[in-house]
Amino acid sequence: MAGSSTLGRLFLLALPSLLPAPVAAGAAGQCAERGTCMHRSHSSGQVLLQVRQSLQPGISELAEQSRDATFESARPGTCCSREPHTFLTWSQFVQSSATFAENISTGLPVVVPCGHEITIDQDISQSLPGLQVAGAVKFQDGINITMRTAFIFVCGNFSIGSPRAPHTANVEIVLLGGTNVTWPKPDGTMLNFGTAGFITYGGHTYLRGSACDAPAWTRLAQTITPMGMGLAQTVVQTAAQHHESQDPQINLALGRPARQSSVGHHRYTAEKAVDGGFDWKWSTILTETEENPWWYVHIPSLSNVGTVTVTERSRNGVELSGAIVGLVGSPCQQGQLCGGTLCSHTMTRSGKEDFDCGGARGDYLYVQLSGSAQLSISEVEVFAVASDNDELSPPAFTPTRAPLYPPLLHPLLRPLTSPPTTSLRPPPPPSPSPSTPSPNPPAPNPTINLALGKPARQSSVGHHRYTPEKAVDGGFDWKWSTILTETEENPWWYVHIPSLSNVGTVTLTERSNAGIDLSHALVGVAEAPCQQWQLCGGSICSNTLTRDGKEDFDCGGASGDFVYVQLSGRARLTLSEVEVFSAASANHEYHLELQGTAHTAWKVGDKVMITATSWNAEETEEAIVTGTFVQGVTIKGLLRHSHVGCSTTSEQCVVAAEVASLSRNVVIRGEDGCRPVCGHFMIAHTNHGFVCGVEFTNLGQTE
């Protein structure tokens, strides 16, 4: 957040409700006797800040005001007009103050008196009951400092950094809940500042972190997509080298270079047909109306091609059952038919067209319309011919599509380690003898839907069309790809995946028409199948995210043979699709190539945010900077989504993800676990102040 040096318009961040509260009255005698200006009511957890008489000799006075003065009379200046005459470090102040230790022990705030300037020169190990600044407080640079305090009330001067230079060391101020701060008004009523506040009321607060005046964000120069997840980069790189072992469940076209005969709209460019998305508005290609329009994907030395699935644009699209799909050794030419080996149309299903290429080979797979036409496609998926040893049915019978979440892989995200050069799938194991246990299956790939095409059951069938296999068929159509039980006790659905382990995310897609909210469904992993009317048990997964008709559940690496979805009590279960992904590691590093030079100010350990470039804003992700280089930064984290990037030198550079540093070296936050009422930050009744390059987090009222 950045602020002007003149705060005539006020800064209000996470300002809580100022609820009326009883006046603290427990320590009036102490105030008169010792001259202190704070009262605490131990029953209400409330502190009353009030100007009384001078402090003890040697500590100076809180304010040169009369006994009955209130803060209101000091506006618009500070409540201390005296220039500092005593300069101490925090360690000196702690040792010399006659009231510091006593205030700490009795739960009263630490007071920095008028005329004193205290420089905090060390980490403050103990939690403070509060800090009232009547004089001045500043932070010494070059030292990382953490301060934990019930509140801060500034009516003097409080500064981190200066107009000459920003503060470069780390400062963290943690506001602890539980203490109400009030101030008497002239009419005798109390002004309540709420709990755990950083309050500047008539004073001067100057906060200038190292990020002030430095650009905090830039854009991606290269597209990135999750890597380091099992097979990752090898899906693309080794596919051309090891066709004999291609997995018929892997989309060979995903993320490969693509071209089209013309661009009918700047948004609908060739790569959108191999980005793993199906949105009609954001993930579509479109040519102009022309003779023999075409689109192709370049997959060098591609062979053994089985099914090609072409997804039509769901809105304002064209029927593609009569399209020409084929493989050719050279790129298509403008206005000409591409030729090569043609694939035959085999199936139409819910906006998808399947073409059988019969094991054909070539370097380019294309989709074309003959004659004068305009070609529009949402996605093209290419699958190898399934061998007799494949457990799953061929794609023509078990629809296989790139899972929407997490998306599959993209060739432009490069792991720091060299990708393996072995084939995608290990060679078939030897046939086990009766005395030899079956070998363990290959480690699951977190980008592959493990449930796709696996055997499934449900507690009952509410309609003959809505049978259990529809939830693992790769489809999302509410009418043709949905399961439905009868209304019964504890209805369930499960998929059988023997020896399943390390389960990460389970994604439920709700039925888009006449569906139900599945955010509170029971999702789990069990060793045994569910039983009629009983709760399935096993390891329960927790709901982590709701997004556009989908519910994500984290199973935390659970193991079992069955993944189930269940409703408790009397209910009717319906859902469209269940996708199961293995747990992924957050320890993978990636190079982010970025536009411009904003990243040169970022440091190792900074947190960065990568914005979504799809229609779904929830695909925005975070990672940690582990290194920097001339063109960008190295990050470490668990990425689940593709983020589009482009070079500013490209004429088609329209969409690129923004990448921003979220880290600030000056942090003001509420304490962990403070909900529902956390701390707040407030500047009021002053025309002086500056806030720039500061992070405010975990603040405000959540209920």
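Asks: How do you make sense of the overall build of the protein chain when you look at a structure like this?
Replies: Looking only at helices and strands, the protein chain features four helices and 48 strands. Buried residues in the protein chain amount to 53% of all 703 residues. Sequence-distant contacts, at least 24 apart, represent 73% of the contacts inside the protein chain between residues at least 6 apart. Put simply, the protein chain shows about 29800 Å² of open surface, and 50% of that area lies on carbon and sulfur atoms.

Asks: I tried to follow the pattern of salt bridges on my own but got confused; where do I start?
Replies: Once their charged atoms are close, side chains differing in charge can pair, the charge on each being opposite to the other. What the rule picks out here adds up to nine salt bridges. With its nearest N and O atoms 3.9 Å apart, the salt bridge here joins Lys-352 to Glu-381. With Lys-352 in strand β25 (residues 352-368) and Glu-381 in strand β28 (residues 379-384), this pair connects stretches of sequence that are 29 residues apart. Summarising the burial analysis for this pair, Lys-352 and Glu-381 share the class buried.

Asks: How should I be thinking about the sheet that holds strand β16 (residues 204-208) in this particular structure?
Replies: Pairing between sheet strands relies on hydrogen bonds along the backbone, with the strands arranged either parallel or antiparallel. Across the sheet, which stays open at both edges, the six strands sit in the order β4-β6-β8-β11-β16-β47 with parallel pairing between neighbours. Looking at strand neighbours, the two that pair on one side only are β4 (86-89) and β47 (690-692), the edges of this open sheet. Recorded for the sheet is a direction-independent mean angle of 15 degrees between the axes of neighbouring strands. Of the strand pairs in this sheet, strand β8 (residues 136-139) and strand β11 (residues 157-160) are connected by three bridges, and their pairing is parallel. The residue of β11 that forms the bridge with Ala-136 is Asn-157.

Asks: What should I look at first to understand the side chain of Arg-511 in this one?
Replies: Within the secondary structure, Arg-511 sits in the loop between β32 (492-509) and β33 (522-526). Comment: no salt bridge for buried Arg-511; closest opposite-charge side chain is Asp-477, at 8.2 Å. For Arg-511, the side chain forms a polar contact with the side chain of Tyr-466, separated by 3.2 Å. A distance of 3.2 Å separates a polar side-chain atom of Arg-511 from the backbone oxygen of Trp-478.

Asks: Can you walk me through the sheet that holds strand β41 (residues 607-610) in this structure?
Replies: With respect to topology, six strands assemble into an open sheet ordered β17-β44-β41-β42-β43-β40, the strand pairing being antiparallel. The open sheet is flanked by β17 (217-219) and β40 (589-593), the only strands paired with a single partner. Geometrically, the sheet is characterised by an average inter-axis angle of 35 degrees between neighbouring strands, direction not taken into account. Relative to strand β44 (residues 658-661), β17 runs antiparallel, the two being bridged by three bridges. Bridge pairing links Trp-217 to Ala-660 in β44.

Asks: So what exactly am I meant to see when it comes to the nonpolar core here?
Replies: A general tendency of soluble globular proteins is for nonpolar side chains to be buried together. Ranked by size, the top nonpolar core spans 34 residues in total, and within it Trp-90, Phe-139, Phe-158, Ile-173, Phe-198 and Ile-668 carry the most contacts. Counting residues per element, this core draws most heavily on strand β12 (residues 171-175), at three residues. If we skip the residues at most four places from it in the chain, Trp-90 touches Phe-100, Val-110, Ile-118, Thr-119, Ile-120, Asp-121, Gln-122, Ile-124 and Leu-128. If you look at the next biggest cluster of nonpolar residues, it comprises 33 residues, including Leu-252, Trp-295, Ile-299 and Cys-357.

Asks: Can you walk me through the packing of aromatic side chains in this structure?
Replies: Here the distance between the centres and the angle between the planes together describe a pair of aromatic rings. Scanning the entire structure with this criterion turns up 14 aromatic pairs. Ring centres of Phe-93 and Phe-100 lie 6.1 Å apart, and the angle between their planes is 80 degrees; this geometry places the pair in the edge-to-face category. With respect to burial, Phe-93 and Phe-100 carry one shared label: buried. Members of the aromatic cluster, connected to one another through ring pairs, are Phe-139, Phe-158, Phe-198, Phe-681 and Phe-696. Lying across the ring of Tyr-268, Arg-313 places its NZ or CZ 4.8 Å from the centre.

Asks: Can you help me understand the environment of Thr-289 in this one?
Replies: Mapped onto the secondary structure, Thr-289 falls in the loop between β19 (285-286) and β20 (290-291). Judged by its relative accessible area of 55%, Thr-289 is exposed. With 25 residues separating them along the chain, Thr-289 and Gly-264 place their C-alpha atoms 7.8 Å apart. What Thr-289 contacts, discounting residues up to four positions off in sequence, is Ser-372, Ala-373 and Gln-374.

Asks: Any chance you could explain the environment of Gly-197 here in plain terms?
Replies: The residue Gly-197 is located in strand β15 (residues 197-201) in this model. The exposure class of Gly-197 is buried, given its relative accessible area of 0%. For the pair Gly-197 and Phe-681, spaced 484 residues apart in the sequence, the C-alpha separation amounts to 5.8 Å. In this structure, Gly-197 is in contact with Ala-150, Phe-151, Ile-152, Leu-175 and His-680, ignoring residues within four places of it in sequence.

Asks: Help me out: how do you make sense of the pairing of strand β48 (residues 694-697) in this one?
Replies: The side chains of a regular strand alternate, residue by residue, between the two faces of the sheet. Only one face of β48 is covered, namely the one carrying Val-694 and Phe-696; the face carrying Glu-695 and Thr-697 has none of its residues buried. Strand direction decides the pairing type here: strand β45 (residues 666-670) and β48, joined by four bridges, are parallel. Opposite Ile-668, over in β48, you have Phe-696 as the bridge partner.

Asks: Which parts of the structure should I look at to understand unusual backbone geometry?
Replies: Backbone geometry follows two general trends: most residues other than glycine have a negative phi, and most peptide bonds adopt the trans configuration. With a phi close to 55 degrees, Ser-499 is a non-glycine residue in the positive phi region. The residue Ser-499 is located in strand β32 in this model. Using a relative accessible area of 52% as the deciding quantity, one classes Ser-499 as exposed. Phi is positive for Asn-698, which is not a glycine, with a value near 55 degrees. Within the element layout of this structure, Asn-698 appears in the segment after β48.

Asks: Quick question: what am I supposed to make of the environment of Ser-568 here?
Replies: Inspection of the secondary structure assignment puts Ser-568 in the loop between β36 (550-566) and β37 (570-571). With 78 residues separating them along the chain, Ser-568 and Asn-490 place their C-alpha atoms 4.6 Å apart. Here Ser-568 is in contact with Asn-490, Leu-522 and Leu-535, once residues within four sequence places are set aside.

Asks: Even after reading the chapter, I still don't get the confidence of the model for the protein chain, so can you show me in this structure?
Replies: Detailed reading of the predicted model is not advised wherever pLDDT is low. Residues with a pLDDT of 70 or more make up 76% of the protein chain, whose mean pLDDT is 78. Low pLDDT (under 50) marks residues 50-78, which in the prediction has 74 contacts with non-local residues, meaning those over four places away or in another chain. Note that residues 389-444 has pLDDT below 50 and, in this model, 135 contacts with residues that lie over four places away or in other chains.

Definitions and limits used
Residues numbered from 1 in each chain as written. Predicted model: local features only at pLDDT ≥ 70, side-chain atom pairs only at ≥ 80, totals over all residues. Heavy atoms only, no water. Helix = DSSP H or I, 4+ residues; strand = E, 2+ residues; numbered from the N terminus. Buried < 20%, exposed > 50% of the residue type's maximum accessible area, 1.4 Å probe, protein only. Contact = heavy atoms within 4.5 Å. Areas by Shrake-Rupley, 256 points an atom, 1.4 Å probe, with all protein chains shown as cover. Salt bridge = Lys/Arg side-chain N within 4 Å of Asp/Glu carboxyl O. Pairing = 2+ DSSP bridges. Axes fitted to C-alpha atoms, helices over the stretch in contact; angles between N-to-C directions. Lys, Arg positive; Asp, Glu negative; His and termini not counted. Polar contact = N/O pair within 3.5 Å; in protein donor to acceptor, adjacent residues only side chain to side chain. Core = buried A, V, L, I, M, F, W, Y, C linked by side-chain atoms within 4.5 Å. Phe/Tyr/Trp six-rings, centres within 6.5 Å; stacked < 30°, edge-to-face > 60°. Lys NZ or Arg CZ within 6 Å of the ring centre and 35° of its normal. pLDDT = per-residue confidence, 0-100.

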